[in-house]
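Chain by chain, the residues:
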Amino acid sequence: MPPWLQRAGLLLWRWLRDWQSHALTLALLAAIVLGVNTWQTRHVPSGAAPAFTAPAAGGDGLLDLAAWRAQHPGRAVALHFWAEWCPVCRLEEGSVSAVQRDWPVLTVAMRSGDRLRVQRVLTQRSLAWTTAIDAAGRLAARYGLQAVPAFIVLDPQGQIRYAAVGYTTEWGMRLRLWLAQHF
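(A) Examining the pairing of strand β7 (residues 150–154) more closely. Within β7, five of the five residues are buried, which leaves the element mostly enclosed by the surrounding structure. Every second residue of β7 is oriented toward a common face, with Ala150, Ile152 and Leu154 on one face and Phe151 and Val153 on the other, all of them buried. Pairing geometry for strand β4 (residues 77–82) and β7, over five bridges, is antiparallel. Across the sheet, the residue bridging to Leu79 is Ile152, located in β7. Two strands pair when backbone bridges link them, and β7 and strand β8 (residues 159–165) are joined in this way by five bridges, in the antiparallel orientation. What sits directly across from Val153, in β8, is Tyr162. Where β7 hands over to β8, the hairpin turn is made up of four residues, of which Gly158 adopts a positive phi near 85°.

Spelled out as structure tokens, the structure:
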């Protein structure tokens, strides 16, 4: 066997050995992330999303989940729970704004003050979000949420399909919405 072929075989063997080591590490990491998310969302109800009506940021009106969903018939939608004081929520702002360009997203400001304060935060951060006010955290509690940020995906029939607590990537948000829309 020529020496170059022996070297190529040795390199391939090392690569395969290292790949298996990395695959095991990635599988362990994925299991940990999945386990933590399952624990964090253990109180999120299954089935139909809890109905709500809440004050709208910056206005005198109320946001009703059923009426808002009716504006997006046949579409999967997302509820994004956030707080103005939450640094992780701040990291997600760009992702939520990007996803909102393609999918209906209703944000819920939890324990962030009254409608004027929340509207001021939205304006200061240049966030063009439709936002419901959950000043006391009661709405988040109805959804079983004990932390923010949280991303809840409802399928076109209004059933809760996916819930994630903590940082969610833009692609993670998009994937959950796409799955809820198509499956």
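(B) Geometry of the environment of Ala70. Assignment of secondary structure puts Ala70 in helix α2 (residues 65–70). Ala70 gets classed as exposed once you look at its relative accessible area, which sits at 58%. Separated by 24 residues in the primary sequence, Ala70 and Gly94 have C-alpha atoms spaced 26 Å apart.

Thresholds applied
- Residues numbered from 1 in each chain as written.
- Predicted model: local features only at pLDDT ≥ 70, side-chain atom pairs only at ≥ 80, totals over all residues.
- Heavy atoms only, no water.
- Buried < 20%, exposed > 50% of the residue type's maximum accessible area, 1.4 Å probe, protein only.
- Helix = DSSP H or I, 4+ residues; strand = E, 2+ residues; numbered from the N terminus.
- Pairing = 2+ DSSP bridges.

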